[in-house]
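Remarks on the overall topology
Each chain, letter by letter, is given below.
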Amino acid sequence: MPAPPPYSAQFGVAPVPLNNNLGWAIASLLICWPFGIPSLIKALQVNSLWYQGQHAQAQLAADDAKKWGKIGVILGACGYGLLVLLVIAYFVIIFVALGSITVSQL
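Predicted, not measured: the structure shown is a model, and the values here were computed from it.

1. A closer look at the overall build of the protein chain
Helix and strand counts for the protein chain come out as three helices and zero strands. Going from the N terminus to the C terminus, the protein chain shows its helices and strands as α-α-α. The buried share among the 106 residues of the protein chain stands at 18%. The long-range share in the protein chain, meaning contacts at least 24 apart out of those at least 6 apart in sequence, stands at 61%. As displayed, the protein chain has an accessible area near 8000 Å², and 73% of this comes from carbon and sulfur atoms.

As structure tokens, this is what we get:
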């Protein structure tokens, strides 16, 4: 008796497409757009590649979209954090400078 054929996708049932990481792309666009643009481009390629049957390329595009999205979010958050620290330091310096001025110096 021959071995049964290997299991495959049923007729009319498509496999579930990959997560295209569009959320990372949108978050990266809002926080740090230079890294959000390649992330968005790759995220939008995932579904079309998947439905063309190019599953390996779709997985690579999804991985690239996630990579660029995470880079954009991390760098953008660090940049905004640095900006907040610089603004706080600026106001501290201004208040210290104004506090050291006496009435006779005005």
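So much for the structure itself; the text now carries on.
2. Regarding the pattern of salt bridges
Close approach of charged atoms allows side chains with opposite charge to pair. Counted under the stated rule, the structure contains one salt bridge. Lys67 serves as the salt-bridge partner of Asp64, at 4.0 Å between the closest nitrogen and oxygen. With Asp64 and Lys67 both in helix 3 (residues 55-99) and three residues apart, the pair spans about one turn of that helix. Assessed through its relative accessible area of 25%, Asp64 is described here as partly exposed.

3. Observations concerning unusual backbone geometry
Residues other than glycine seldom take positive phi values, yet Asn21 does so here, at roughly 60 degrees. Relative to the elements of secondary structure, Asn21 occurs in the segment before helix 1 (22-31). A relative accessible area of 9% means that Asn21 is categorised as buried.

4. Brief notes about a nonpolar patch on the surface
Among the surface-exposed residues, Ile26, Leu30, Ile31, Tyr80, Leu83, Val87, Tyr90, Phe91, Ile94, Phe95, Leu98 and Ile101 lie close enough to one another that they form a single nonpolar patch of about 1200 Å² accessible area. Those elements that place two or more of their residues in the nonpolar patch are helix 1 and helix 3. For the nonpolar patch, the leading source of residues is helix 3, giving eight residues. Within the secondary structure, Phe91 sits in helix 3. We classify Phe91 as partly exposed; its relative accessible area is 42%.

5. Description of the packing of helix 2 (residues 33-51) against helix 3
One way to put it is that helix 2 packs onto helix 3 with a least axis distance of 8 Å and a crossing angle of 160 degrees. Viewed along their axes, helix 2 and helix 3 adopt a mutual orientation that is roughly antiparallel. The handedness of the crossing between helix 2 and helix 3 comes out as left-handed. Side by side, helix 2 and helix 3 meet where Phe35, Pro38, Ser39, Lys42, Ala43, Gln45, Val46, Leu49 and Trp50 of the first sit next to His55, Gln57, Ala58, Ala61, Ala62, Asp64, Ala65, Trp68, Gly69, Ile71, Gly72 and Leu75 of the second. Of the residues assigned to the contact of helix 2 with helix 3, the class counts are 13 nonpolar, six polar and two charged.

Definitions and cut-offs
- Residues numbered from 1 in each chain as written.
- Predicted model: local features only at pLDDT ≥ 70, side-chain atom pairs only at ≥ 80, totals over all residues.
- Heavy atoms only, no water.
- Helix = DSSP H or I, 4+ residues; strand = E, 2+ residues; numbered from the N terminus.
- Buried < 20%, exposed > 50% of the residue type's maximum accessible area, 1.4 Å probe, protein only.
- Contact = heavy atoms within 4.5 Å.
- Areas by Shrake-Rupley, 256 points an atom, 1.4 Å probe, with all protein chains shown as cover.
- Salt bridge = Lys/Arg side-chain N within 4 Å of Asp/Glu carboxyl O.
- Patch = residues over 30% accessible without salt bridge, like charges linked within 9 Å, V, L, I, M, F, W, Y side chains within 5 Å.
- Axes fitted to C-alpha atoms, helices over the stretch in contact; angles between N-to-C directions.
- Parallel < 35°, antiparallel > 145°, perpendicular 65-115°, else oblique.
- Left-handed = near helix turned anticlockwise from the far one by under 90°.
- Nonpolar A, V, L, I, M, F, W, Y, C, P; charged D, E, K, R; others polar.

From the geometry alone we can't say anything about function, so treat these as descriptive.
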